[in-house]
Amino acid sequence: MLIDDVTIKVEAGNGGKGAVAFNKNMMSLGPAGGSGGKGGSVHFEGVSNLNALDQFRHRKDIKAKDGGNGKAQFSDGSDGEDLILKVPVGTIIRKTETGETKEILKIGERILVAKGGIGGKGNFQFRSSRNTTPRQSQGGLPGEKFTVRLELKLIADAGIIGLPNAGKSSLINELTKAKTKVANYPFTTLEPNLGAYYELILADIPGLIEGASGGRGLGVKFLRHIERTKILFHLISAESENPVKDYKIIRNELKNYSKELIKKIEYIFLSKSDMVPVKEMKKKITALKKINKNVFPISVYDGDSLEKVKEILNKIKSEK
Ligand SMILES: Nc1nc2c(ncn2[C@@H]2O[C@H](COP(=O)(O)OP(=O)(O)OP(=O)(O)O)[C@@H](O)[C@H]2O)c(=O)[nH]1
Ligand SMILES: [Mg+2]
């Protein structure tokens with residue numbers, strides 16, 4: 001099961017204590033206590049892996065390292081290492097205590113959630129002309145602590161949709177580094193998969209079937225994921241007896257779920273074009289073009305057709 005809603009506790013590291021020490025050298029007997037190091041902070045960072053929230057299934061208390069204590073001989077404590085927690089792009093981060101909400105929208109985007117405490121000053125920092133042998137030092141400050149709810153609402157630039165077995169996963173695997181399972185039977189993909197095409201996020205959505213909007217098959221869960229997708233890549237197998245009928249089944253489900261879904265820009269890809277004679281392809285394309293003129297034949301075995309898809313993506317990228 002995809003983890004898309006999880007609550008965790010994050011705690012930044014505490015600052016280290018400052019030291020009180022004096023120089024033991026013959027010549028100078030001045031203060032020499034080092035300061036404490038800073039506690040590690042906790043950040044979230046966006047990644048394309050949708051399953052990234054899985055790490056929190058059994059690990060709900062997260063703490064960054066404390067800063068080291070200061071020592072004698074001007075030796076400052078080491079800083080605690082920052083924790084960078086990877087979460088899928090589209091994760092909404094809500095601090096329970098404050099209600100503050102942030103969202104990770106891009107791969108590599110980082111958000112600081114809990115700041116590490118600063119280290120205390122050692123007595124060396126308290127020296128002055130009036131007091132050459134200070135005995136003061138400071139404790140470190142505590143790191144911030146929050147309860148954080150992480151909720152994933154998939155965001156993609158292009159969502160790849162269609163009936164089961166249309167070749168959706170095969171296409172995302174060709175266009176991105178995704179390694180989604182491909183097999184010659186329906187419902188191979190049970191959870192959405194993301195892939196990155198440069199800065200664009202593509203989403204391979206599990207197959208939709210007639211009645212999906214009413215909960216049939218994998219149902220509504222996946223229609224929800226299309227809600228925040230800007231553009232739809234609608235795949236229809238060229239092997240289908242009646243591609244127009246296939247097209248309408250999906251459009252109907254989109255419409256039944258939400259009128260907003262059918263307003264999205266849509267490209268139709270007649271997939272597995274290598275399986276069908278040219279003449280038949282032409283006929284099927286002509287029929288689809290009557291509905292939407294953005295129709296393109298594609299095959300994972302036809303490099304030129306994949307280039308065409310990339311051209312479309314490049315155009316989307318440049319308009320973003
Ligand atoms: N000949 C040919 N076969 C293809 C092509 N694209 C996909 N296939 C095959 O079609 C079958 C289904 O491909 P998938 O990519 O798993 O289809 P899907 O739409 O992701 O299917 P679900 O996840 O079940 O909805 C696999 O056996 C693929 O190898 C293509 O361009 N040409
Ligand atoms: Mg699939």
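Remember, predicted model here, so these are calculated numbers, not experimental data. (Residues numbered from 1 in each chain as written. Chains lettered and ligands numbered in written order. Predicted model: local features only at pLDDT ≥ 70, side-chain atom pairs only at ≥ 80, totals over all residues. Heavy atoms only, no water.)

(A) Representation of the overall build of the protein within the structure. Scanning the protein for helices and strands turns up five helices and 14 strands. Whereas a compact globule of 320 residues would reach a radius of gyration of roughly 20 Å, the protein reaches 28 Å, over 25% beyond that. Over its C-alpha atoms, taken along the principal directions, the protein stretches across nearly 100 × 40 × 30 Å. Taken over 320 residues, the protein has a buried fraction of 48%. Put simply, of all contacts in the protein between residues at least 6 apart along the chain, 74% involve residues at least 24 apart. Accessible surface, the protein: about 16,400 Å² in total, of which carbon and sulfur atoms supply 51%. Averaging the locations of the 53 positively and 37 negatively charged side chains of the protein gives two centres separated by 4 Å. (Helix = DSSP H or I, 4+ residues; strand = E, 2+ residues; numbered from the N terminus. Rg over C-alpha atoms; globule rule 2.2 N^0.38 Å. Buried < 20%, exposed > 50% of the residue type's maximum accessible area, 1.4 Å probe, protein only. Contact = heavy atoms within 4.5 Å. Areas by Shrake-Rupley, 256 points an atom, 1.4 Å probe, with all protein chains shown as cover. Lys, Arg positive; Asp, Glu negative; His and termini not counted. Charge placed at Lys NZ, Arg CZ, Asp CG, Glu CD.)

(B) Spotlight on the pairing of strand β1 (residues 5–11). Along β1, the buried face is formed by Val6, Ile8 and Val10; none of Asp5, Thr7, Lys9 and Glu11, which line the opposite face, is buried. One ladder, built from seven bridges, connects β1 with strand β8 (residues 145–152); its direction is antiparallel. Residue pairing across strands places valine 6 opposite leucine 150, the latter belonging to β8. In the sheet, β1 pairs with strand β3 (residues 61–63) via three bridges, with the strands oriented parallel. Paired with valine 10 across the bridge in β3 is isoleucine 62. (Pairing = 2+ DSSP bridges.)

(C) Quick peek at the packing of helix α3 (residues 243–257) against helix α4 (residues 278–289). For the pair α3 and α4, the least separation of the axes is 9 Å and the interaxial angle reads 40°. By the angle between their axes, α3 is oblique relative to α4. For the pair α3 and α4, the contacting residues are Pro243, Val244 and Tyr247 in the first and Lys284, Ala287 and Leu288 in the second. Residue composition of the contact of α3 with α4, grouped by class: five nonpolar, no polar and one charged. (Axes fitted to C-alpha atoms, helices over the stretch in contact; angles between N-to-C directions. Parallel < 35°, antiparallel > 145°, perpendicular 65-115°, else oblique. Nonpolar A, V, L, I, M, F, W, Y, C, P; charged D, E, K, R; others polar.)

(D) Local environment of the coordination of the magnesium ion (ligand 2). Protein coordination of the magnesium ion (ligand 2) is provided by Ser169 (OG) and Thr189 (OG1), with donor distances spanning 1.9 to 2.1 Å. In this pair, serine 169 is assigned in helix α1 (residues 168–175) and threonine 189 in the loop between α1 and β10 (193–197), connecting sequence segments 20 residues apart. On the basis of relative accessibility, which here comes to 8%, the residue serine 169 falls in the buried class. Judged by its relative accessible area of 10%, threonine 189 falls in the buried class. (Donors = N, O, S within 2.8 Å, 3.2 Å for Na, K, Ca; no water.)

(E) Main features of unusual backbone geometry. Phi is positive for phenylalanine 187, close to 60°, though the residue is something other than glycine. Structurally, phenylalanine 187 is set in the loop between α1 and β10. Residue classification places phenylalanine 187 among the partly exposed residues on the basis of a relative accessible area of 31%.

(F) Region of the structure containing the sheet that holds strand β2 (residues 42–47). Pairing in this open sheet of three strands is mixed, and the strands run β4-β2-β7 from one edge to the other. Of all the strands in the sheet, just β4 (83–88) and β7 (110–114) have a single pairing partner and so form its edges. Sheet twist, expressed as the average angle between the axes of neighbouring strands with direction ignored, equals 30°.

(G) Broad picture of the side chain of lysine 95. Structurally, lysine 95 is set in strand β5 (residues 91–95). Here lysine 95 is in contact with Glu100, Val113, Phe146 and Thr147, once residues within four sequence places are set aside.

(H) The pattern of salt bridges, seen in detail. All chains considered together, the criterion is met by 17 salt bridges. With its nearest N and O atoms 3.5 Å apart, the salt bridge here joins lysine 86 to glutamate 45. Note that lysine 86 is positioned in strand β4 and glutamate 45 in strand β2, a separation of 41 residues in sequence. The residue aspartate 157 makes a salt bridge to lysine 230 at a minimum N-O spacing of 3.0 Å. With aspartate 157 in strand β9 (residues 156–162) and lysine 230 in strand β12 (residues 229–237), this residue pair connects regions lying 73 residues apart in the sequence. For aspartate 157, a relative accessible area of 6% corresponds to the buried category. Taken together, the salt bridges that share partners define one network made up of Asp5, Arg149 and Glu151. (Salt bridge = Lys/Arg side-chain N within 4 Å of Asp/Glu carboxyl O.)

(I) The site of ligand 1, seen in detail. Around ligand 1 sit 22 residues, and of these Lys168, Ser170, Thr188, Thr189 and Asp274 come closest. Phenylalanine 187 places a main-chain nitrogen or oxygen 2.8 Å from an oxygen atom of ligand 1. Here an oxygen atom of ligand 1 sits 2.8 Å away from a polar atom, N or O, in the main chain of valine 300. Considered on its own, ligand 1 offers 650 Å² of accessible surface; in the complex 90% of this is hidden by protein. Residues belonging to the shell around ligand 1 are distributed by class as follows: ten nonpolar, nine polar and three charged. (Near = heavy atom within 4 Å. Polar contact = N/O pair within 3.5 Å; in protein donor to acceptor, adjacent residues only side chain to side chain.)

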